[in-house]
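# Observations on the model geometry
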Amino acid sequence: MRRAAIAALLLTGCVADQGTVAVEPLDAAFYAANVQPVVGPSCGSLDCHGVGLRPLRIYAEDGLRIDDGLRGAPISDEEIGWNVAAFGGVDPEPSSADTHVALSKPLAVGAGGLHHLGDPVFASEGDPGYRCLRGWLAADPSALDACAEAEAALEP
Amino acid sequence: MNVRSLLWLPFALAAVGCIGTRPEQARYDELRRLGADDDGDEEHNPGYPCVDCHGRDYAPGDDVFALAGTVYLRASDPYERGLAGAVVHVRDAEGRELEVVSNEVGNFMVSVEGGEEDEGEGSEEGEIEIGWWPTYPLEVWVTQGELEQRMETLIEREESCAHCHWRDPSATSVGRIYLMEDGT
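Residues numbered from 1 in each chain as written. Chains lettered and ligands numbered in written order. Predicted model: local features only at pLDDT ≥ 70, side-chain atom pairs only at ≥ 80, totals over all residues. Heavy atoms only, no water.

### Here's the deal with helix H2 (residues 28-43) of chain A
All names here are of chain A. Between its terminal C-alpha atoms H2 stretches only 18 Å, short of the 22 Å expected from 16 residues at 1.5 Å a residue. The sharpest bend along H2 reaches about 60° and sits at Val35, with the proline Pro37 one to four residues further on. Phe30, Tyr31, Asn34, Val35, Gln36, Val38, Val39, Gly40 and Cys43 are the residues of H2 that are buried. On its buried face, H2 sits against helix H3 (77-90), helix H5 (128-137) and helix H6 (143-154). At the N-terminal end of H2, a side-chain oxygen is found 3.0 Å from the backbone nitrogen of Ala29, two or three residues along, and the residue is Asp27. (Helix = DSSP H or I, 4+ residues; strand = E, 2+ residues; numbered from the N terminus. Expected span 1.5 Å × (residues − 1). Bend = angle between axes of the 7 residues up to and from the residue. Buried < 20%, exposed > 50% of the residue type's maximum accessible area, 1.4 Å probe, protein only. Contact = heavy atoms within 4.5 Å. Polar contact = N/O pair within 3.5 Å; in protein donor to acceptor, adjacent residues only side chain to side chain.)

### Considering the sheet that holds strand S6 (residues 139-144) of chain B
All names here are of chain B. The antiparallel open sheet is built from four strands, whose spatial order is S3-S2-S6-S7. On the outer flanks of this sheet lie strand S3 (97-101) and strand S7 (147-150), each paired with one strand and no other. Each strand axis lies, on average, 20° off the axis of its neighbour in the sheet, ignoring direction. Note: strand S2 (residues 87-91) against S3, five bridges, orientation antiparallel. Along S3, the bridge assignment pairs Val88 with Val100. (Pairing = 2+ DSSP bridges. Axes fitted to C-alpha atoms, helices over the stretch in contact; angles between N-to-C directions.)

### Re the confidence of the model for chain B
All names here are of chain B. Residues with a pLDDT of 70 or more make up 85% of chain B, whose mean pLDDT is 87. Note that residues 115-120 has pLDDT below 50 and, in this model, 13 contacts with residues that lie over four places away or in other chains. Under the prediction, the complex receives an ipTM of 0.79, its pTM being 0.81. (pLDDT = per-residue confidence, 0-100.)

### Quick word on the sheet that holds strand S8 (residues 177-180) of chain B
Residue and element names in this part refer to chain B. The strand order across the open sheet formed by four strands is S5-S4-S1-S8, and the pairing between neighbours is mixed. Where the open sheet ends on each side, the last strands, each with one partner, are strand S5 (127-130) and S8. Pairs of neighbouring strands in the sheet enclose a mean axial angle of 25°, with direction left out of account. Bridge analysis of strand S1 (residues 67-74) against S8 gives three bridges, and the strand direction is parallel. When the bridges of S8 are listed, Val71 appears paired with Ile177.

### Focus on empty space enclosed by the protein
Residue and element names in this part refer to chain B. Applying the stated criterion across every chain yields a total of two cavities of 30 Å³ or more. Lining the largest cavity we find Gly47, Tyr48, Gly69, Thr70, Tyr72, Cys161, Ala162, His165, Arg176 and Ile177. A per-element tally of the lining of the largest cavity places S1 first, with three residues. Class assignment for the residues of the lining of the largest cavity results in five nonpolar, four polar and one charged. (1 Å grid on protein atoms, 1.4 Å probe; cavity = no way out; pocket = protein on both sides within 12 Å on 5 of 7 lines; lining within 4 Å. Points joined across faces, edges and corners; volume = space filled by probe spheres on them. Nonpolar A, V, L, I, M, F, W, Y, C, P; charged D, E, K, R; others polar.)

Structural data, given as structure tokens:
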């Protein structure tokens, strides 16, 4: 009887979320190569997330560095590691990549996002930066194209 | 006085503002400790984060600035000796532009007055008044004659340039705003 009840709940979608994408273990190498070039310049400036005490503290080449001597140097592996940890820490138990707070905070409220002190970064879920970040969180290889598109859009 | 009455003392002190210091006040105290003065002229405290004392929410310096900072000729110039006559160009997110010319010590200040939009004319004192609050992010570049330096990133929200351009480069600063690389 009990087994039948659990099976029935699963079948009717009452236990497992439907249509959401699980957050996979965060891939530091993918982040370093594809996400940091987008997140660093657009989120990690010294007057935004490049501040030690801010939630989701981000190290970036032109932003906060982990050591004085790194100013002017490329982003280090240690900084990448801490950035990845920060993304994990800002939403320790995400139920889905789509609802990860690192995605919902920078998304415009009108598009389903949350209030963000630094104003909306992504106007919609179609923004290349949004798709890049979401793809990394969901371990979706198609994020590569979105990351390249987002990085190109940052070029002066 | 019994023990119970003493329990109310912290609440009473908090109520009259005797406990704690506002972060802005703490920052002001720190700047004074570092040598900032409050004599009020336009050439004081070059290189300091101006809006810490001239902000919308906290302004012991009276004047309120929308954007302010100090320009140097070279990245290693003494922080108290900025560059006079540099033109700071700002374009906000709505495409509005302003120009302000740095004063004798390199300081420049942008303040906002009500009324019609002012396209912006630099002044010898390094000040300009405009009729609108800039919408962030801001694009900034500095010129003097044929020299030009463009800021590589946008200003996302900070009104004090020295917040990110505090003296020598470090983990938390990209160094001074300058027009020429050292050694050129």
